[in-house]
Each structure stands twice: as structure tokens, then as C-alpha cells.
Amino acid sequence: MSKICLALDGLSAENAIRLANEVGGLCYAVKIHDLFDTAGGLIVYRLMETGAKRVWVDVKLHDISKTAVKRAKAIVLHGAKIITVHASGGVEMMKAVVDMFNTSRGPVASVWAITLLTSLDPREIARIYGADRTPKQIVLDLALMAKEAGVQGIVCSPQEVGILSKHPDLWGLEFVTPGVRSTKANIGNQKRTGTPKQAIDDGASFIVVGSQVTEAEDPVAAFNAIAAEIGQLW
């Protein structure tokens, strides 16, 4: 099974479909965000028709339970297999979304919980969440809340995935790590980063790669280079 999720954020529908056709079948999932809003729900079907195994709509829900459930249901009706919620939205909100997708045959879609955005540095984290805990402590608290709510996966930075993957109360969850960049690659707006290999070695189930591939002169070659870096064999 592939350990790579490819973020198509910022691409036009045409370019996203072209890239999904080229490497979508080699990814665990392709991730969209703004494209769902600009191209509409049909883009989910078009990406899967082109070759993507799963489409992850990274909506990052953070609202009252009733509103979050309505939004999540509308997205999954278009065929999305993964959606995200903010763990800071609380256990009740996360659980409401999870429960809506649970059936006797298993979940219709996976719910992954966002802990701390990888674009936040320690100073910003302290201003938002308080200075009495370290980022790692905050991420662990949020992850434990998400586990209580029944989510299938936790989204965290490379700097926290090692702690979470080894925590016995979190065993059985998938750990999804954005903010990965190969050595010497441009880190963009990411603050808490690590290399793809480091993330996998520390226990990440999946890594999320985006601009290092989508903005490369040869996106397919860039994707294959990351796959080789983590020892992904096809």
C-alpha cells in the first residue's frame, strides 16, 4: 500500500486531473482543498475516474456539531473517501461526524483529525493555545481527544508523529504527516517540518507531499524521487 498522499492544492482542475492520471494510482489518496470549491463536487468523481484511488477533501471542519455534520455529509455524497476535522473543535463535534459515516459494513468515509497546523511556530501556538504546554503536549492532548471521538487518523507534523505513534493509547490509528520536505527542498510556509524518510521512520502511516511535486519542472520525476527516498516500491 502506498504511503504517499499527494496534495493538489492550488492547481487548476485540468492540471490536477493530468497529475492524477500520471501518478494518482501510485498514491494512497490525492488531497484537494480549494479545488473542491472552485471546480465543484464533480471534481471528486473526475479525479477517481482518472486514476486516483481515493480523494481526500481537506475541509478541516471546525464548527458546531450540527453544522459540521451537514457539511461533511454534503462532501462525502460527492464520493470523497477522507475528510478532515479540527480536533480543537471538540470531542462532541468530531464524534458526530464519525458516527454519521459508521455503518454495519464499516465507515463510508474516514475522518482524520487535524492537531496543530504545520504552519504554526511555537510562538503562535503559545498565543493560541496558551504557554503552559509545549506543542508536543498540545498535540498529544488533541490526539487523545480525537481517539476518544473515534476518528480513524491523526494529522500531525513530523516533529510530533514519533511521540504519537508510540503512545499506547493511540495504537490502531493512522498517522498522517504533512509538512515533509526532502533535504534542500524549499519549505514554503511550513514551520514544523521534517524529511519524508524521517516521518516514515518515526511512525507516519502516510506522508503528504504537495508543492515539491506539483511545482516541480518534472512532477512525475519529483514524485518518484520522494517514493524512492522512503523506500516505496511499486
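Residues numbered from 1 in each chain as written. Predicted model: local features only at pLDDT ≥ 70, side-chain atom pairs only at ≥ 80, totals over all residues. Heavy atoms only, no water.

Draft legend 1. Here's a closer look at the overall build of the chain. Within the chain, the secondary structure is distributed over eleven helices and eight strands. Residues counted as buried form 48% of the 234 residues belonging to the chain. Here the contacts in the chain between residues at least 6 apart in sequence split such that 67% fall between residues at least 24 apart. A total of about 10900 Å² of accessible surface is found on the chain, and carbon and sulfur atoms cover 52% of it. Computed over 25 positive and 24 negative side-chain charges, the inter-centroid distance for the chain is 3 Å. (Helix = DSSP H or I, 4+ residues; strand = E, 2+ residues; numbered from the N terminus. Buried < 20%, exposed > 50% of the residue type's maximum accessible area, 1.4 Å probe, protein only. Contact = heavy atoms within 4.5 Å. Areas by Shrake-Rupley, 256 points an atom, 1.4 Å probe, with all protein chains shown as cover. Lys, Arg positive; Asp, Glu negative; His and termini not counted. Charge placed at Lys NZ, Arg CZ, Asp CG, Glu CD.)

Draft legend 2. The arrangement of the pairing of strand 8 (residues 206–209) in detail. Burial along strand 8 is two-sided: the residues Phe-206 and Val-208 and Ile-207 and Val-209 are all buried. With three bridges connecting them, strand 1 (residues 4–7) and strand 8 associate as parallel partners. For Leu-6, the partnering residue across the bridge sits in strand 8 and is Val-209. (Pairing = 2+ DSSP bridges.)

Draft legend 3. Spotlight on the packing of aromatic side chains. Applying the stated criterion to the full structure yields four aromatic pairs. Centre to centre, the rings of Tyr-28 and Phe-206 are 4.0 Å apart; their planes meet at 25°, and the pair counts as stacked. Of this pair, Tyr-28 sits in the loop between helix 1 (13–23) and strand 2 (29–32) while Phe-206 is found in strand 8, placing the two residues 178 residues apart along the sequence. Take Phe-206: its relative accessible area is 2%, and that puts it in the buried class. Relative to Phe-206, the ring of Trp-112 has its centre 6.0 Å away and its plane inclined at 25°; by these criteria the two rings are stacked. (Phe/Tyr/Trp six-rings, centres within 6.5 Å; stacked < 30°, edge-to-face > 60°.)

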